[in-house]
Amino acid sequence: MAHIIDGKAISQQIKDELKEEAARLKEAGKTACLAVIQVGKDPASSVYVNNKKKACAYIGIESLSYELEETVSEEELLSLIRDLNGNPAVNGILVQLPLPAHIDEFKVIQTISPEKDVDGFHEKNVGALNTGGKGFVSCTPAGIIQLLKRSGISTAGKHCVVIGRSNIVGKPAAALMLRENATVTICHSRTQNLKEMTRQADILIVAMGRPKAIDADYVKDGAVVIDVGIHRMENGKLCGDVDYASVEPKASYITPVPGGVGPMTIAMLMENCMSAIR
Ligand code: GUN
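To start, this report covers the structure provided alongside it. The structure presented is a predicted model; accordingly, all values stated were derived computationally and were not measured.

The end-to-end C-alpha distance of helix α2 (residues 43-59), which contains 17 residues, comes to 25 Å, matching closely the 24 Å that a straight helix rising 1.5 Å per residue would cover. Those residues of α2 that sit buried are Ser45, Val49, Lys52, Lys53, Ala55, Cys56 and Ile59. An end-on view of α2 places all buried positions within 155° of arc, on one side of the element. Turned more than 90 degrees away from the buried face of α2, the exposed residues are Pro43, Lys54 and Ala57. Looking at the buried residues of α2, the elements they touch are α1 (7-27), β2 (33-39), β3 (62-68), β4 (92-95) and α10 (262-275).

Shown next as C-alpha cells:
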C-alpha cells in the first residue's frame, strides 16, 4: 500500500503561504501583476487560463488578460509582448501554449523578457537551470520537487528515472533532480528495454503522454511514482500515464490523477510570480 501524495492539499498549502506573503508585500507597496495571453479559444487552454487567473485573485496577484483572435499575426503578438516587457507594472508574462500553426512558438517564448518569463521557458532560464544559476524554473517540474520535499522523500543518491524528454517537463525535471543530487536517467520513445530501466528507479517520474502505459511490471518494489500524465477516458473519468490500480500496491509513494501533480503547476506559477517582486 502506497502513501498517496496529496497534490491538492500541498498546492493549497503553498498558495496560502503565498497569500500571506502577498498581503505583507502589499503593505510595503508591492503587488505582483501577471499578464496572461491566450490566442484563439481552445477549450482546454481556456480552462487552464481561467484557473491561473482565479489563483492570482485568490493570492492577491493582479492579472491582465489578453484574448487574441486565432488569426492574429505573429508580429502583432510579438509587439504585445514587447509592450508588456517594457511595462514596469507587469512582473510576469505568460503566453498559453499551444499556439496556432502560423505562429513560431520558439520565437514568441524568446521574445518574452527572461526576467518576466514566469513559465521558465526562455533559453536564459533553461540555461540557468542547467548551469546552477538563478532563474525561473518550469512550473510542473518545480511542483514535482515540492511534492517530494513536502512529503519528506529524500532524493540525494537516489536513482531517478524520468520518462519523457519534453522542454516543459521531462528535461527540466531531470535537471532539477540532478540539482537535488539524484542519479538521473532519461528515457523516451526510442529507449530500448524501457522496463529494464524503470525497474531500477527509486523515484520514477512518468511524463510520456500515454494513458495507463506504466503498470506494476515497470516498477520496483517500494518505488516513489510521480505521474505527470492526464487523459480523459471514454467513461469521462481522468487517468494518468500510470496504471494506478496496478502500481499503487507496489509503490511506497504515488501521486493520484487527478489531484497529484496537476494542481502543483499553478501553485508554482504563483510562486514564480511572487518571486518576481521579492
Ligand atoms: N500549455 C500546457 N502547459 C503549459 C504551461 O505550463 N505554460 C503555458 N504557457 N502553456 C502551457
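Right, let's talk about the sheet that holds β3 for a bit. Taken in spatial order, the three strands of this open sheet run β3-β2-β4, and their pairing is parallel. Of all strands in the sheet, those bounded by a partner on one side alone are β3 and β4. Averaged over all pairs of adjacent strands, the angle between their axes in this sheet comes to 15°, without regard to strand direction. Here β2 runs beside β4; their pairing, made up of four bridges, is parallel. In the sheet register, Val36 faces β4, and the bridge partner there is Leu94. Each of β2, β3 and β4 is contacted by α2, which is oriented at about 170° to β2, the strand it contacts most.

Turning next to helix α5 (residues 123-131). In an α-helix, one turn spans 3.6 residues; hence positions three or four apart end up facing the same way. Every buried residue of α5 is accounted for by Asn125, Ala128 and Leu129. Each buried residue of α5 lies within a common arc of 100° when the element is viewed along its axis, so the set occupies one face. What points out from α5, more than 90 degrees from its buried face, is the exposed set Lys124, Asn130 and Thr131. Summarising the contacts, the buried residues of α5 are in contact with α7 (170-179). Count one or two residues on from α5 and you reach Gly132, which has phi positive near 80°.

Okay, the nonpolar core next. Among the nonpolar cores identified, the biggest contains 50 residues, and Leu34, Ile61, Met177, Ile205, Ile226, Met270 and Met274 are the most heavily contacted of them. Per-element accounting of this core gives the leading share, eight residues, to α10. When near neighbours in sequence (up to four residues on either side) are disregarded, Met270 contacts Leu18, Leu34, Lys52, Ala55, Cys56, Ile59 and Ile61. With 21 residues, the next largest nonpolar core counts Leu84, Ile103, Val108 and Phe121 among its residues.

Time to look at the site of the ligand. Taken together, Lys52, Leu94, Val95, Gln96, Leu97, Asp119 and Phe121 make up the full set of residues near the ligand. In this structure, a nitrogen atom belonging to the ligand sits 3.4 Å away from a side-chain N or O atom of Gln96. The backbone of Leu97 places a nitrogen or oxygen atom 3.0 Å from a nitrogen atom of the ligand. Protein chains shield 79% of the accessible area of the ligand, which is 280 Å² for the free molecule. Partitioning the shell around the ligand into residue classes produces four nonpolar, one polar and two charged.

Conventions adopted
What you see as residue numbers is a count from 1 along each chain, following the sequence as written. Totals for whole chains, interfaces and linings use every residue, but because this is a predicted model, local features are given only for residues with pLDDT of at least 70 and side-chain atom pairs only at 80 or more, for both listing and counting. Note that the side-chain values use all heavy atoms of the structure and ignore hydrogens as well as water. Secondary structure elements are taken from DSSP: a helix is a run of H or I of four residues or more, a strand is a run of E of two residues or more, and numbering for both begins at the N terminus. The span one expects for a helix is its residue count, reduced by one, times 1.5 Å. Any residue under 20% of the maximum accessible area for its type is buried, any over 50% is exposed, and the rest in between are partly exposed; the area is computed with a 1.4 Å probe on protein chains only. The reported arc concerns the directions from the helix axis to the C-beta atoms and nothing else. Only heavy atoms enter the contact rule, under which two residues are in contact if any of them lie within 4.5 Å. Between any two strands, pairing holds if DSSP finds at least two bridges. Note on geometry: axes are lines fitted to C-alpha atoms, helical ones only across the stretch in contact, with angles between N-to-C directions running from 0 to 180 degrees. Nine residue types can take part in a nonpolar core, namely buried Ala, Val, Leu, Ile, Met, Phe, Trp, Tyr and Cys, and a core is a set of them joined through side-chain atoms within 4.5 Å. Proximity is defined per residue: if any heavy atom of the residue lies within 4 Å of a molecule or strand, that residue is considered near it. Pairing of N or O atoms within 3.5 Å defines a polar contact, subject to two protein rules: one partner must be a possible hydrogen donor and the other a possible acceptor, and residues neighboring in sequence count only if both atoms are side-chain atoms. Per-residue and other accessible areas were derived by the Shrake-Rupley procedure at a 1.4 Å probe size, with only the shown protein chains allowed to occlude residues. Residues are grouped as follows: Ala, Val, Leu, Ile, Met, Phe, Trp, Tyr, Cys and Pro are nonpolar; Asp, Glu, Lys and Arg are charged; every other residue, Gly included, is polar.

Any functional reading would require information that these geometric values do not contain.
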